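Report on the structure
Read off the chains here:
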Amino acid sequence: LLSLLQSLSPEGFENFCKYLLRVYGFENVSVTPVGKDGGIDGYGVLQLNPFVSFKVIFQCKRYQGTVSRAQVGDLRNAMIGRADKGIMITTGIFSEDAK
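Quick look at the structure, then. (Residues numbered from 1 in each chain as written. Predicted model: local features only at pLDDT ≥ 70, side-chain atom pairs only at ≥ 80, totals over all residues. Heavy atoms only, no water.)

Quick look at the sheet that holds strand S3 (residues 52–61)
- The four strands are arranged S1-S2-S3-S5 in an open sheet whose pairing can be described as mixed. For this open sheet the edge positions go to strand S1 (26–31) and strand S5 (85–90), each flanked by a neighbour on one side alone. Along the sheet, successive strands turn relative to each other by an average axial angle of 25°, direction set aside.
- Sheet analysis places strand S2 (residues 42–49) next to S3, joined by seven bridges and oriented antiparallel. Opposite Gln47, over in S3, you have Ser53 as the bridge partner.
- Lying on the sheet, helix H3 (residues 69–79) is in contact with S3 and S5; it crosses S5 at an angle near 145°. (Pairing = 2+ DSSP bridges. Helix = DSSP H or I, 4+ residues; strand = E, 2+ residues; numbered from the N terminus. Axes fitted to C-alpha atoms, helices over the stretch in contact; angles between N-to-C directions. Contact = heavy atoms within 4.5 Å.)

See the structure below:
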């Protein structure tokens, strides 16, 4: 499965992540247009109950290597003023600092 995911195009992997989030209950999930993402690959809403929901952005890293602390920091910076939560989805691993 991992090699199949890594063989997807960047857009294909983003759309797979969109599908995955929808399966796990996210609503209004969209992938941002290529080149106009402003540091994010997509966004959605996680409705916890009728009173609580979170705006969520996500970043997809179709990697065979390591996601760095700086890349996680970039996602956190992209969240400012745009979302309550952020999700980094990767086929790689996270460095100890990134965790």
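What to know about helix H2 (residues 10–23)
- Its 14 residues give H2 an end-to-end C-alpha distance of 20 Å, which sits within 8% of 20 Å, the value for a rise of 1.5 Å per residue.
- For H2, the complete set of buried residues consists of Phe13, Glu14, Cys17 and Leu21. Burial along H2 is one-sided: seen end-on, the buried residues are contained in an arc of 100°. Opposite its buried face, H2 presents the exposed residues Tyr19 and Arg22, each directed more than 90 degrees away.
- Where H2 is buried, its residues contact helix H1 (2–7), S1, S3 and S5.
- Positioned one or two residues after H2, Gly25 has a phi angle of 100°, which is positive. (Expected span 1.5 Å × (residues − 1). Buried < 20%, exposed > 50% of the residue type's maximum accessible area, 1.4 Å probe, protein only. Arc of directions from axis to C-beta.)

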